[in-house]
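Letter by letter, the chains look like this.
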Amino acid sequence: MIYGLHFNTAYHSFLITVLTRPRYQVQVDSLPAAVAQDYHFMGSENSLNYFSKDDAQSKYVRRMFTICPDIDVCLEHVKRDSQLGVAVSRAHARNSPLIDESDMFCFHHAQNIYSYSVSMLVKRDYHLLPKINDIIRTILESGLLSKWQKDSEVSKVHVGQAAPPTEESEGGEGAQIVLSLDHVQGAFIVLGFGLILSAVGFAVEWLIFLTIQKNRFGATFLKRHIEKMLCFD
């Protein structure tokens, strides 16, 4: 009976301990809880500016805050240091290749250190149309459009005839001259003369080559005939 009483007491004590003591530590899910457990913090210099208040919590964070030049390296330290908190963008932390989401815990949105105001943006239809209309009106009023039209007409060169005469092109120094065969026939004459000289030179070289080959054949035949006569004697 005494043995059963001791065994029952030990069993219930162990059962109560298992049921009332959590298997893991309580998850730190807010900045006050992290300060209460003596966390130290890391992050960028901009993140430190969010703790500029004079309350005890902000003073503690500033005292325990370390500037991190590479935020991804600081995120990797979270896997090994259970007393470290990193001030970083939620999207940056989730997309970091150095730490998995199972190794980190982000505070809830209500516990954000700082929240940016975000608005929905859509395409603004024809927002540049008033500016374009002002530019077109200025061009018309200054007379640039008519000037550009005259310049384009002067620059047109029709096949077989000159450009339409204008006030600026009639007898002026800037009048355009349409090239004809008379202007370029000198180049064709020089080209033809060069081709004739090349053909004559090629013909002379070919005649010289044939003459040398013919004389070489005759000299070789005469030499062989003389050698046969000497051998016969």
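Report on the accompanying structure.

Each value, and the rule that gives it
- Residues numbered from 1 in each chain as written.
- Predicted model: local features only at pLDDT ≥ 70, side-chain atom pairs only at ≥ 80, totals over all residues.
- Heavy atoms only, no water.
- Helix = DSSP H or I, 4+ residues; strand = E, 2+ residues; numbered from the N terminus.
- Buried < 20%, exposed > 50% of the residue type's maximum accessible area, 1.4 Å probe, protein only.
- Contact = heavy atoms within 4.5 Å.
- Areas by Shrake-Rupley, 256 points an atom, 1.4 Å probe, with all protein chains shown as cover.
- Polar contact = N/O pair within 3.5 Å; in protein donor to acceptor, adjacent residues only side chain to side chain.
- Core = buried A, V, L, I, M, F, W, Y, C linked by side-chain atoms within 4.5 Å.
- Pairing = 2+ DSSP bridges.
- Axes fitted to C-alpha atoms, helices over the stretch in contact; angles between N-to-C directions.
- Phe/Tyr/Trp six-rings, centres within 6.5 Å; stacked < 30°, edge-to-face > 60°.
- Expected span 1.5 Å × (residues − 1).
- Disulfide = S-S within 2.5 Å.

Comments concerning the overall build of the protein
Part 1 of the reasoning: Along the protein, the regular secondary structure elements total nine helices and three strands.
Part 2 of the reasoning: The order of helices and strands in the protein, counted from the N terminus, is α-α-β-α-α-β-α-β-α-α-α-α.
Part 3 of the reasoning: Relative to its full complement of 233 residues, the protein shows a buried share of 14%.
Part 4 of the reasoning: For the protein, restricting intrachain contacts to residue pairs at least 6 apart in sequence, the fraction spanning at least 24 positions comes to 43%.
Part 5 of the reasoning: Entry remark: accessible area of the protein is about 20,100 Å², with carbon and sulfur atoms responsible for 62%.

Section: the environment of Q83
Part 1 of the reasoning: Following the sequence through the fold, Q83 ends up in the loop between α5 (71-77) and β3 (84-87).
Part 2 of the reasoning: Since its relative accessible area comes to 27%, Q83 is described here as partly exposed.
Part 3 of the reasoning: For the pair Q83 and A34, spaced 49 residues apart in sequence, the C-alpha separation works out to 8.2 Å.
Part 4 of the reasoning: Among all residues touching Q83, those that are not within four sequence positions of it are Q37, D38, Y39 and H40.
Part 5 of the reasoning: Only 2.7 Å separates the side chain of Q83 from the backbone oxygen of Q37, close enough to count as a polar contact.

Details of the nonpolar core
Part 1 of the reasoning: Counting residues in each nonpolar core, the largest one holds 11 residues, listed as V28, L31, A34, V35, Y39, F41, F51, Y60, V61, F65 and A87.
Part 2 of the reasoning: Secondary structure elements with two or more residues in this core: α2 (31-36) and α4 (56-63).
Part 3 of the reasoning: Ranked by the residues each element gives to this core, the list is headed by α2, at three residues.
Part 4 of the reasoning: Those residues in contact with V35 that sit more than four places away from it in its chain are F41, Q57, Y60 and V61.
Part 5 of the reasoning: Judged by nonpolar contacts, the second largest core, of nine residues, contains C68, V78, A93 and M104.

Some points on the sheet that holds β3
Part 1 of the reasoning: Spatial strand order, β2-β1-β3: three strands in an open sheet with parallel pairing. Among the strands making up the open sheet, the edge pair consists of β2 (65-67) and β3. Averaged over all adjacent pairs, the angle separating strand axes in this sheet is 25 degrees, with direction ignored.
Part 2 of the reasoning: Relative to β2, strand β1 (residues 40-43) runs parallel, the two sharing three bridges. By the bridge assignment, F41 is partnered in β2 with F65.

Quick look at the pairing of β1
Part 1 of the reasoning: Alignment of β1 against β3, held across four bridges, turns out to be parallel. Within β3, the position partnered with G43 by the bridge is A87.

Considering the packing of aromatic side chains
Part 1 of the reasoning: A full pass over the atoms with the stated rule returns three aromatic pairs.
Part 2 of the reasoning: An angle of 90 degrees between the planes, with centres 6.4 Å apart, marks the rings of F41 and Y60 as edge-to-face. Within this pair, whereas F41 is found in strand β1, its partner Y60 is found in helix α4, the two being separated by 19 residues in sequence.
Part 3 of the reasoning: Note on Y60: relative accessible area 10%, which makes it buried.

Concerning the environment of C68
Part 1 of the reasoning: Mapped onto the fold, C68 is located in the loop between β2 and α5.
Part 2 of the reasoning: Distance from C68 to V86, taken between C-alpha atoms, is 9.3 Å for residues 18 residues apart in sequence.

A word on helix α7 (residues 129-142)
Part 1 of the reasoning: Over its 14 residues, α7 extends 20 Å from the first C-alpha to the last, a length consistent with the 20 Å expected when each residue adds 1.5 Å.
Part 2 of the reasoning: Positive backbone phi, at 80 degrees, marks G143, one or two positions downstream of α7.

Re unusual backbone geometry
Part 1 of the reasoning: Backbone geometry places D38, a non-glycine residue, at a positive phi of 60 degrees.
Part 2 of the reasoning: Looking at the secondary structure, you find D38 in the loop between α2 and β1.

Things to note about the state of the cysteines
Part 1 of the reasoning: Using the criterion set out here, one finds one disulfide in the structure.
Part 2 of the reasoning: Two residues, C68 and C74, share a disulfide whose sulfurs are 1.6 Å apart. Taking the sign of the S-S torsion, about 115 degrees here, the bridge from C68 to C74 comes out right-handed. Residues C68 and C74 agree in their burial class; the two are buried.

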